[in-house]
Every structure is written in C-alpha cells, then in structure tokens.
Amino acid sequence: MSAVDGEPVPMTAKRRGAQLAMLAFAVLIVMAAYASVGLGIDKKIPSGMLTYGLGLGGLMLAAYLVLAKFAPWADPLLLPLVTLVNGLGLVMIYRIEQTGQAGASATNQLMWTALGVVMFSATLIVLKDHRALQRLTYTAGFVGVGLLVLPLLPFIGKEINGARIWIGIGGFTIQPAEFAKLALVVFFAGYLVAKRDVLALAGRRLLFIDLPRARDLGPVLITWAVSLGVLVMQKDLGSSLLLFGAFIAMLYIATQRTSWVLIGVLLFVGGAILAGQVFSHVHDRFEVFLDPQDPALYDRPFGGSYQLLQGLFGIGSGGILGTGLGQGHPKLIPLSFSDFIFAATGEELGLTGLMALLMVYALIVQRGLRTALAARDPFSKLLAGGLAFILAWQLFIIVGGVTRLIPLTGLVTPFMSAGGSALLANWMLIALLVRMSDAARRPPPQAIQDEGLTQVMQR
Amino acid sequence: MNGTLKRVAIACLVMFGLLMANVTYLGTVKAEELRTDSRNARAFYARYAVDRGWITADDGKTTLAKTVDTGDPTYRFARQYPLGKPFAHVVGYFAPENSTGIEGAERRFLDGSHPDLIVRRAVDLVSGKPAKGASVDLTLNTKAQQLAYKDLASTGKRGAVVALNPKTGAILTMVSVPSYDPNPLALADKAKVNKAYNKLDKDDQKPLLNRAINLTYAPGSTFKTVTSAAFFSDDGSRNADTTVDAPDALPLPGTTIALHNYHGESCGGQATMVEALTISCNTPFAKIGMDLGYDKMKEQAAKFGIGAPLSIPLLVTPSDIGPDEGKAALAKTSIGQQSNQMTPLQMAMVAAGIANQGTVMKPYLVNKIVGPDGGEIDSTRPDELSEAVTPEVAAELTKMMTNVVQHGTGTAAQLPGITVAGKTGTAETAPGKPSHAWFIAFAPVEDPKVAVAVFVESGSAGNDATGGQVAAPIAHDVMQAVLGQ
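Residues numbered from 1 in each chain as written. Chains lettered and ligands numbered in written order. Predicted model: local features only at pLDDT ≥ 70, side-chain atom pairs only at ≥ 80, totals over all residues. Heavy atoms only, no water.

A.B. asks: How should helix 8 (residues 237–255) of chain A be read in this particular structure?
C.D. replies: Along an α-helix, residues three or four positions apart point the same way, because every turn accommodates 3.6 residues. The first and last C-alpha atoms of helix 8 of chain A sit 27 Å apart over 19 residues, in line with the 27 Å expected at 1.5 Å per residue. Within helix 8 of chain A, 19 of the 19 residues are buried, leaving the element largely enclosed by the surrounding structure. (Helix = DSSP H or I, 4+ residues; strand = E, 2+ residues; numbered from the N terminus. Expected span 1.5 Å × (residues − 1). Buried < 20%, exposed > 50% of the residue type's maximum accessible area, 1.4 Å probe, protein only.)

Here you go:
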C-alpha cells in the first residue's frame, strides 16, 4: 500500500477567518438558546446569559487561538461544530437545572467545559506530532486496560446506579472508561498498523469468506474477552459494546477483511445472548427493549421501562417543532441531564431540533473521516478513522438506545451530557483529530528541483 | 486503506440515517400515541396550560363554567362552576383524566384544538401566549333550570325535568336529581378527584347519572298520546270525538288475566277519545294498540324519534317500546308499561312534536360557539328530526291534551290566562313498589313556546297518587318561568 492513496488533497487554504466567523455564530446560537430558555420559563432574559455566553465565547476564543498557533492548517469546521453541541448541552443542563432536577448543574458543566478546553489546548501544545503516539502503542494498551480495571479496585471504585464504572478521587468521581476509550483506540491503531499484514493473510476459504489463520484470532479473542469482562464485572453494557465495535471497525479498516467483521459480530452477538441468559440485568434490557409499554415492565422498580418510556414520551410530546426551550417537562425523565439529554432535547426542540443536532454530529464524524482519508501515513489514517468511528458509534449506541432503536445501554451523549470525564476525554479526542487534520492539510515540503533522478520521495 | 475507510464512512452514514429515521418515526407516526399515553404526565399538565373557553347560558349573560388564572406555572388554569348542582349533568366537569357533559362533548372548541380555531392557535403559539379556547353558549334558560331543580329536589325523590322549545328543539331545561357539585371533580389533583369521584360513584342514589337522557323508564299513561297518534294516523276519519270501546276489563289474548282501569274504575263501556284520555282510561288504549298491531305502534313511535340514537351533543340513550312479545304484551305497551322504556327527553320530544303541529325538532343544547376574540364561530340552526303526525292529527291530540289540563288529571299544571295541554302518567314499576310519576305538557296551546316532561322516580305513593299531583306542579313552574320572560 502506498503512503498516499488516491489523488492528493488539493485543499491548502487555512480558512481561519471562516473558522472564527463560524465559531462566533455557534456561540451566538447558544446565547440565543439561553435567552429562549429564560423567555420560555418566565418571559425574562436570564441574568446568567451573558456570564454563560461570554464564558463560552471566551473559552472558545482561547481554544481558537491555541489552534491557530499550534495547528494552523487544521480543519476549520471541527471546533465550531463541537462548540455548538457543547454549548447546546450547557443550555439543556441549565434548563433542566431550572426544573430542580437533582444532579443537574450548569455551573459545573461550564467548569468542566473550561477544563475540556484546557485539555484540548494542552494536547495540541504538547503533542506536536501525533506519530509520537505510535511509539507508545503498548503503553497506551496497558494504560487503557488499567483504566478499565480501575473501578473494580477496592476503596477507589464506586458503584452508581448499578454500574461499577466510577472511581472517586477526593470529592470528584471520574469515569475512567472514557479515557480508556482514547488509550485503547491509540493502542489498536498502533498494533494494527504493525500487524495488519499478518492479520490480512488468508487462511482457509470457507464458502465465500476468507477465514483468518487460527493463531491470528488471538487479539480478537482477547479484545472480546476484555469487553465481556467489562460487561460482566462492571455491568457496563455501553462501554463494552463501544470498545468491541471500535476494535472491529479498526480491524476492518486495517486488514480490509470482511471476515473479521463477521467473526466479530458473531462473537459479540453470541456473547450478548449468553449474557442475556446468565445475567438478569442484561436480560431486563432486552425485555424493556422489546416492549417498553408493557405495564408490568413499566411498574418494575429496578430494570423496568419507566425511564425509557418517559424519554419516548418526551420525544413524542415534542412532536415536530417541540414545546420550545423552557416549556417542556424534562423533569419527568429520570437522568434527563445525562444519559437521557437527547430525549429532553427532543421534547423542547422537537424533531426539527434533533435532526439538526444529529446533522451537527454527523458533520463532526464526517470531518474526522475526511481527515483519515487525507492523512498521509497508515497510523494517522487508522487513528483518525478509529476516533471518528468511535464518536459515531458512541452516538449510535446512546441515541439509538434512548430512542429504542437498539436496547438501551448507558453511555453519555458526547459533549452534551453532564459529566466531566466524558467532556475531558472527548475534547482530547477532538484535539487529536485537529492535530491530525493539521498534518494532513499542511502542504507537503516542496521537492528540491535540481536533484533529478536521485530525488528522495516524500513519505 | 482509503477503500475500507470509505466503507466505514458509509456505515457511519447508515447509522446516522437509522437514528434520523427512528427519531422521525417517533416524532411523527408514533407521536400521538406517546403524547396521549395515560402514563405521560405531560398530557395531564397540558390540560391546565390551556385557557379553556367558558360555558355560558342566556345568550352569554350567565356563566356556568369559567376558567381562572391561578398563576401556578404547572397548573395554571383552574376550572370553576359557579352555579354548581342544577347544571352539573349538562355542563359536566373537567377532571384530570376525562371530562363529561358539555365539557367533554365540546372539548375541541373549549380547549381550542378544533380545526376551526387553528389559525388562532397558531397565532398564540408564535406569540408565546397560552392557547385560548372558544366559549360555548347553551340554550338553557337558567331561571327555569334552577326552579326545576329546586322543585324536583324538594320532593326528595329522584327524577328529571326536560323542557324544549317545540319550534326549534332548543333545550331550555335539563335537570337530573340527585345532582352533585362538579367543583371538587375539576381540581388538578388526581388523588383528591378520584376520592370525590369514588364517593359519588358508590352512592346508592347514583348522583352522577343524567336521568334526563341516560336512563329509561316506563312512561305510563303519557305514552297514550303516542298510541292516540297512531290511532288517528291510521284512519283519517278518526278524531278526538271518535267513540271507542272502554270495557271495565279487557281480556288479554293468550292469558287468563284481564286488563283493568286504574284501581278498577269504570270508563262506562264506551267513551270518546277525549274522554278516555282525560280520565286516563287504560282499556281503550290497550285495545287500540292490539287492534293496530305491533308494527304500526312501532312505526308511530319511531316517527317521534323513539329508538334512534341522538347526540345533543351529549349522547342520549335510545328509548324503546320493546320487542314484539305478542298481543297481551302489546296491550300493556300501548299504555306505557311492559318493556316500554323512555327517557324523559324522549317524552318531552313527544310533547314538543304534538305542540309543533306534528313536526319533531332535533333537540340541542349548544346555542352558539364564540371564539376567543368574541366573534361567533358557529351557531346551531334548528333542524327537523321527523314528521311524527300530520298537523290535523296534532290538532286533535292537542284538543285532547288541553282537556286533560282543564278537566282531567292534569289540572295542577293550569296557568292563569294561558291554555296548557298535557298528559299525566303513573307507571307501575313492580308489585307493591311506588309507581313513577310523569307529566308531559306544552303551552301556550295557540302558539307553543315550551314543551316539558317531568319525571319523578317512585314518585307516586301507593294509591291514586298520579303524575298529576307530583309531577304536574313542577311542569307548571317550569312553563311559567319560561313564559314569564
């Protein structure tokens, strides 16, 4: 495989002015949404609008300046898009806080957003060349698995809402799986770039698919086991599905072998069915998915369909245009500020708002995948592709779960849900994509003309 | 790797496509079901976010149901019924989970969701104002209604009073006793409302039932007007002076028993129709019914609207003369017994049909709908329901009924200076149990403005307490109240 597939990307403009304008536009939309919440609740512009709006604007200006200095060729759309969803998440949490739902705090979320921007900036400043990560492949792997295991340790591990996915440090609780996600994608990318030729070797041909050699199945089996381990030990269906799906997708990108995907899907479905029969909490999720309107499931105190159905009621009541910000009843949906923020948004912004939101997410993913296509080395391609995919996959798992497209497994909605760990990790994810898009879009150094036949190919 | 990356991009596209399709499905196709699910408390909150239209009477001058802005953001608008009990069955109540009476039947206008109000609603939506419904003005004459309720309640019995404008079908009075206070049922508190409702529901007196339209009773002798109508319509040469057989005992075919007049009184073997109705003989009408046959009786009954479902817009339980059970049964049916079951509204329609030269007008409660901005959206145009009898037959019946009030069993309904036509009824319920008392009437005979039916359940104590003594005075008061204006 050559280093540069297809035609070279012709785009070389930095488009920084456009980026700044779009950033301002995103902040403006968020401020208008704040005003709308206040007008919806008590016909007054909320006093905090300027604080929140200028706070967000200031943060994003800082992020922009760092980006402009340290990654001037970066994709101009990524930062404004992320600003928009992060800001709308803040508005929704602020709105839910107004209803008095316990746990919703816009101030906390703004603080975490600030920290997220710090992480974003730090990543850009420290990581001058993302290929340095390739050298850290196995380190990243150990860190990732270590982070996953952390909540299982005594003393620091915490079980909240039935899932043991938290650790407590000082007064904070952290969800290490969110950071593990990043470390493991880095590990997968490094490992697969090194081993893809071996993995792509054909074994035997069965019917119409090429089966890999038995010994090459090792890494797949190990990842499968780790995913199932997470599922079983921490009762965290979401993270388990997230990691396994991301691994299979990256395996496919690296090896171009459909058989890996089929084997992976079969393994996961088999594991899920087994888990469904062995573990009651997995079984409950399936039951609820199949018929959430069943009164018996609705009234069941634990593992029932109450939350899912209340979320669906919210989306249904929102209809096409929604009730308008500040005029719905998000308090009726348990955890409307975290896992179910999508349903709460659906109630107030309606189908129209949800479509726009999904479109913004789709654009972020598209920018990530575009970075992968434009990247010049296999590691960057795999890493950017993996990060973009995991974002799309995470959104699919949680939004699909909340809207009853697939069984519900708890995950945060990236950038929107309340929660510091996810916000920090996802801002770092965006920083990595920005760093890689900068490298991909930077014009290659000009070849020295006089060198003639002895010219060294730029790699 | 670009090939596989592109395929992964397509997979992401599919995932977003699926999410969007599913959200669209939830927000459109499934939205109504989710919105109206009884477990969705939003539907409950939404009921109190609408500035519901008022329910009025007397051309908007009297308020029967009003909306009060409480300022509470969750349950902003509260519903109140200032006149309470006398109007409860007609107006209904606006409860957390349902609504009854006019509140239920006209809810689309009252809460502003009716298609005729859609422009107005869109304006409210855009301007951020709470949705405002249209007001419903009823045909009720509140003075007559309150008087009817007071009179009927003072008997201590259950019963109903219905008064109609015979020329239009407008319902001027509709009272059912016992009644209830609708205010505790219209609170925005499910627990309190359920408690109040269950108490009323378990009450032996069944105060929640609207006896005027939803329960049927044997009409007794008031039904002889229908039998007479069938008799006259069958042969154009018959009139009020036609002589008919009036034996003291009428043997019932196929049985060993005979039908007697009330308390074995004699009607002299033969009587004119007007005499027979005036003292309410049983045997002539029983014999007329038997001679005409079931089909002709049924046909005449149907012409008065008996048997057809009716929406005024409250749903009226259809009245029925019962199935064809042979000659002996038909004899009893013809004098308002056996399986013959009428609503008080139906008997008022019989009186109104005779009053209106044989034409029964469709009864209605809603006078007009007035939009939130005060403009009239809709008003009811009187509509003919059926041609019950010819004007000639109606005139003969009127002559007979006038005689009843002047010289017969209905003297208690006489009004000074006004000619009243009427017919009493005493329906046996079960041996040894008190009979039902009935009275139907209309006035003034020359130019009828009100037709009324009064029904008092178990209102006749033992012996000769006919409808004339219990029911006719109430009819007197109601007619006076209507005509006095």
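A.B. asks: How should the environment of A:Asp438 be read in this particular structure?
C.D. replies: Residues and elements named next belong to chain A. With respect to the helices and strands, Asp-438 occurs in helix 15 (residues 420–441). With 44 residues separating them along the chain, Asp-438 and Gln-394 place their C-alpha atoms 25 Å apart. Apart from the residues lying within four places of it in its own chain, the contact partners of Asp-438 are Phe-70, Ala-71, Pro-72, Trp-73 and Ala-74. A distance of 3.2 Å separates the side chain of Asp-438 from the side chain of Arg-435, its partner in a polar contact. (Contact = heavy atoms within 4.5 Å. Polar contact = N/O pair within 3.5 Å; in protein donor to acceptor, adjacent residues only side chain to side chain.)

A.B. asks: What should I look at first to understand the pairing of strand 3 (residues 77–80) of chain B in this one?
C.D. replies: Successive side chains on a regular strand alternate, one facing one side of the sheet and the next facing the other. Residues and elements named next belong to chain B. Every second residue of strand 3 is oriented toward a common face, the buried set being Phe-77 and Arg-79 and the non-buried set Ala-78 and Gln-80. Bridging between strand 2 (residues 62–69) and strand 3 involves four bridges; their strand directions are antiparallel. By the bridge assignment, Thr-67 is partnered in strand 3 with Arg-79. (Pairing = 2+ DSSP bridges.)

A.B. asks: Would you explain the interface of chain A and chain B in this entry?
C.D. replies: Many structure descriptions define interface size as the accessible area lost when the parts assemble. The partner chain B presents 32 residues to the 53 residues of chain A that form the contact. Buried surface at the junction of chain A and chain B, both sides included, amounts to about 3900 Å², of which 73% is carbon and sulfur. Counting every contact that joins chain A to chain B gives nine residue pairs in polar contact (both at pLDDT 80 or more). Secondary structure elements with two or more residues in the side of chain A that touches chain B: helix 8, helix 11 (295–299), helix 12 (306–318), helix 13 (341–374) and helix 14 (378–402) of chain A. In terms of residue count, helix 13 of chain A provides more of the side of chain A that touches chain B than any other element does, 13 residues in total. Across the side of chain A that touches chain B, the residue classes break down as 35 nonpolar, 11 polar and seven charged. (Buried area = accessible area lost by both parts, 1.4 Å probe. Nonpolar A, V, L, I, M, F, W, Y, C, P; charged D, E, K, R; others polar.)

A.B. asks: Explain helix 8 (residues 142–154) of chain B to me, please; I cannot follow it from the model alone.
C.D. replies: Residues and elements named next belong to chain B. Here helix 8 contains 13 residues, and its C-alpha end-to-end distance of 18 Å stays within 8% of the 18 Å for a straight helix at 1.5 Å per residue. Among the residues of helix 8, those classed as buried are Thr-142, Ala-144, Gln-145, Ala-148, Tyr-149, Asp-151 and Leu-152. With a side-chain oxygen positioned 3.1 Å from the backbone nitrogen of Lys-143, the residue opening helix 8 is Asn-141. Note on helix 8: the residue one or two positions beyond its end, Gly-156, has a positive phi of about 75 degrees.

A.B. asks: Is there a simple way to think about the packing of helix 9 (residues 258–278) of chain A against helix 10 (residues 280–290) of chain A in this case?
C.D. replies: Relative orientation and spacing of two packed helices are given, respectively, by the angle between their axes and the distance between those axes. Residue and element names in this part refer to chain A. Contact pair helix 9 / helix 10: the axes reach a minimum separation of 5 Å and the direction vectors enclose 105 degrees. Considered as vectors, helix 9 and helix 10 are oriented roughly perpendicular to each other. Between helix 9, through Ala-272, Ala-275, Gly-276 and Val-278, and helix 10, the contact on the second element is made entirely by Ser-280, Val-282, His-283 and Phe-286. Class assignment for the residues of the contact of helix 9 with helix 10 results in five nonpolar, three polar and no charged. (Axes fitted to C-alpha atoms, helices over the stretch in contact; angles between N-to-C directions. Parallel < 35°, antiparallel > 145°, perpendicular 65-115°, else oblique.)

A.B. asks: How should a nonpolar patch on the surface be read in this particular structure?
C.D. replies: A cluster of nonpolar side chains, namely A:Val145, A:Val149, A:Leu153, A:Phe155 and A:Ile156, defines an oily patch on the protein surface of about 470 Å² accessible area. Tracing the backbone through its elements, the reader meets A:Ile156 in the loop between helix 5 (137–149) and strand 1 (157–160). (Patch = residues over 30% accessible without salt bridge, like charges linked within 9 Å, V, L, I, M, F, W, Y side chains within 5 Å. Areas by Shrake-Rupley, 256 points an atom, 1.4 Å probe, with all protein chains shown as cover. Salt bridge = Lys/Arg side-chain N within 4 Å of Asp/Glu carboxyl O.)

A.B. asks: Got a minute to help me understand the sheet that holds strand 2 (residues 163–169) of chain A in this structure?
C.D. replies: Whenever strands of a sheet pair, they do so through backbone hydrogen bonds, lying parallel or antiparallel. Residues and elements named next belong to chain A. The sheet built from three strands is open, its strands ordered 1-2-3 with antiparallel pairing. With one partner strand each, in any of the chains shown, strand 1 and strand 3 (172–174) form the two edges of the open sheet. Averaged over all pairs of adjacent strands, the angle between strand axes in this sheet comes to 45 degrees, irrespective of strand direction. Pairing of strand 2 with strand 3, which is carried by three bridges, proceeds in the antiparallel orientation. The residue bridging Ile-169 from the neighbouring strand is Phe-172, located in strand 3.

A.B. asks: Can you walk me through the packing of aromatic side chains in this structure?
C.D. replies: Remark: the centre distance and the inter-plane angle together describe each pair of aromatic rings, the angle taken between the planes. A full pass over the atoms with the stated rule returns 23 aromatic pairs over all chains. On the numbers, 5.7 Å between centres and 85 degrees between planes, the contact of B:Tyr48 with B:Tyr75 is edge-to-face. With B:Tyr48 in the loop between helix 3 (41–47) and strand 1 (55–57) and B:Tyr75 in the loop between strand 2 and strand 3, the pair connects residues that are 27 residues apart, well separated along the chain. Ring pairs connect the aromatic residues A:Tyr138, A:Phe187, A:Phe188, A:Tyr191 and A:Phe247, which therefore count as one cluster. The positively charged end of A:Arg404 is found above the aromatic ring belonging to A:Phe289, 5.7 Å away from the centroid. (Phe/Tyr/Trp six-rings, centres within 6.5 Å; stacked < 30°, edge-to-face > 60°. Lys NZ or Arg CZ within 6 Å of the ring centre and 35° of its normal.)

A.B. asks: Whenever I open this one, the state of the cysteines confuses me. Can you help?
C.D. replies: Residue and element names in this part refer to chain B. Counting across every chain of the model gives one disulfide over all chains. The disulfide partner of Cys-267 is Cys-281, and the S-S distance across this bridge is 1.8 Å. What sets the handedness of the Cys-267 and Cys-281 disulfide is the S-S torsion sign, and at about -105 degrees it is left-handed. Note that Cys-267 is positioned in the loop between strand 9 (258–260) and strand 10 (269–272) and Cys-281 in the loop between helix 11 (273–278) and helix 12 (283–292), a separation of 14 residues in sequence. (Disulfide = S-S within 2.5 Å.)

A.B. asks: Which parts of the structure should I look at to understand unusual backbone geometry?
C.D. replies: Glycine aside, residues mostly have negative phi, and peptide bonds are mostly found in the trans state. Of the consecutive residues B:Val177 and B:Pro178, the connecting peptide bond is found in the cis state with omega at 5 degrees. Within the secondary structure layout, B:Pro178 lies in the loop between strand 6 (171–177) and helix 9 (190–202). Across the junction of B:Ile312 and B:Pro313, the peptide omega takes the value -5 degrees, indicating a cis bond. Summarising the element assignment, B:Pro313 is placed in the loop between strand 11 (310–311) and strand 12 (315–316). Backbone geometry places A:Arg404, a non-glycine residue, at a positive phi of 60 degrees. Mapped onto the elements of the fold, A:Arg404 is located in the loop between helix 14 and helix 15. Taking relative accessible area as the criterion, A:Arg404 reaches 30% and is therefore assigned partly exposed. Backbone geometry places B:Lys206, a non-glycine residue, at a positive phi of 50 degrees. On the secondary structure map, B:Lys206 appears in the loop between helix 9 and helix 10 (224–234).

Take it as geometry only, folks, not as evidence of what the structure does.
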